[in-house]
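# Breakdown of the fold
Here is how the chains run, residue by residue.
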Amino acid sequence: MHRRVVITGIGIVSPLGIGTEETWKECVAGTPGISLITKFDCKGFAVQIAGEVKGFDPLDYVSRKDVKKMDYHIQYALAAAGFALHNAGLDGEDRAYNSDRMGVLIGSGIGGLNMMEIHHRTLLDKGPGKVSPFFIPGLIVNEAAGWVSIKFGLKGPNSATSTACTTGSHAIGDACHIVARGDADVMVAGGSEGVVCALAIDGFAAMRALSTRNDEPERASRPFDADRNGFILGEGAGVLILEEEEAARKRGAPIVAEIVGYGMSGDAHHISSPPPDGNGAMRVMKTTLEGAGVNTDQVDYVNAHGTSTPAGDRIETAAIKNVFGDHAARLPVSSTKSMTGHLLGAAGGVEAGICALALRDQVIPPTINYENPDPDCDLDCVPNEARDAKMEYVLSNSFGFGGTNAALLFKRY
């Protein structure tokens, strides 16, 4: 049994805004969401910039007594899921589906690192017996899915992925399969991350993975640009409502786009670096297109993984050229991480939402801060300004530590 799966709701919390349409508006406008860190005193840190979610009040989404029970990744997931369910018209008590047929699959790349940092300090400073009983449930990766299930009464499949920077895409792809094979009628799926904290910043900086352009945060994330020098850590959540197409149509749901392809691959190369030939990225794009029965020349836009790292962007460029051949010269490829930074486990969810909105509005978001072309990244990067375009198929790439890769293919509905 294989059923068509459509997107009927999108919820986004990001450094560009709290809410789907706000994020999308700023994305199309090319607004940078990177700024100096305010969540902790970063004096003395090599990296002092991040893509923080600004103005987020958890009490808008969670009761005061529950806030202390959950890390940021749970709070962001609850907000994004609420936005998505509301957009889909599925947040009321009279919704069209039995709650047993509505599930949740929301992951996080790291989970509650903030709570781990705080409570470890409590243990060291105050000794045993002082750690909160909410500590463990507040940091576990699958608690975002658990809280969404509890708050909205969703009793179907409940799970979580944790595959580094590929988490959100894997969650959406796996949830799509759940709906397609008939194990649920609706899945609330995506990724969430909230690790702008001292431990994460210092840890990624130790790997020399982050940009140190502290004096100009807005220009620090510059995928495919010759002067890129690392990614910028971001936070937020991206959640989609995936629904069986026929039932969605019958209830008059606001269908945004259709998911028609999902691929996975492994690099089997290195814990944090892709293979120089981009083999894993090539295979996951090919698998996704072949599984959907879509030719390379039918793809109208690629939302690249594009993290702004020297090696990563160059290797992804080579992989795209290998997969798309001559079509690559005409294929718009942009990285919205130029605006949001890299949201780790939330990246795939946020970028999937952006791809669906791009199809809805027939607008390709830009790669901002593209100033000095890199001959090794010679794609049409949609530099600095959004572009109106006719699009039928859009591909989204996600690659993660451990050599895990995913791609999602969306079709205009």
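## What about the pattern of salt bridges?
Side chains that carry opposite charge are capable of pairing whenever their charged atoms lie near each other. Under the defined criterion, the tally for this structure stands at 24 salt bridges. A salt bridge links R4 to E258; the nearest nitrogen and oxygen atoms lie 2.9 Å apart. Here E258 lies in strand 9 (residues 257-266) and R4 lies in the segment before strand 1 (5-14), a separation of 254 residues in the sequence. With relative accessibility at 41%, the residue R4 sits in the partly exposed group. Residue E258 is classed as buried on the basis of its relative accessible area of 6%.

## Some details on the environment of A346
Considering the arrangement of structural elements, one finds A346 in the loop between helix 12 (337-340) and helix 13 (347-361). C-alpha separation for the pair A346 and A175, spaced 171 residues apart in sequence, amounts to 15 Å. For A346, the residues in contact, after removing those within four places along its chain, are G191, S192, E193, G236, A237 and G238.

## As for the pairing of strand 15 (residues 404-412)
Strand 15 sits mainly inside the fold: seven of its nine residues count as buried. For strand 9 and strand 15, the ladder comprises nine bridges, and the chain directions are antiparallel. Within the sheet, the bridge partner assigned to G266 lies in strand 15 and is T404. Pairing geometry for strand 14 (residues 393-400) and strand 15, over eight bridges, is antiparallel. Each bridged residue has a counterpart across the sheet, and for Y393 the counterpart in strand 15 is K411.

Conventions we followed
- Residues numbered from 1 in each chain as written.
- Predicted model: local features only at pLDDT ≥ 70, side-chain atom pairs only at ≥ 80, totals over all residues.
- Heavy atoms only, no water.
- Salt bridge = Lys/Arg side-chain N within 4 Å of Asp/Glu carboxyl O.
- Helix = DSSP H or I, 4+ residues; strand = E, 2+ residues; numbered from the N terminus.
- Buried < 20%, exposed > 50% of the residue type's maximum accessible area, 1.4 Å probe, protein only.
- Contact = heavy atoms within 4.5 Å.
- Pairing = 2+ DSSP bridges.

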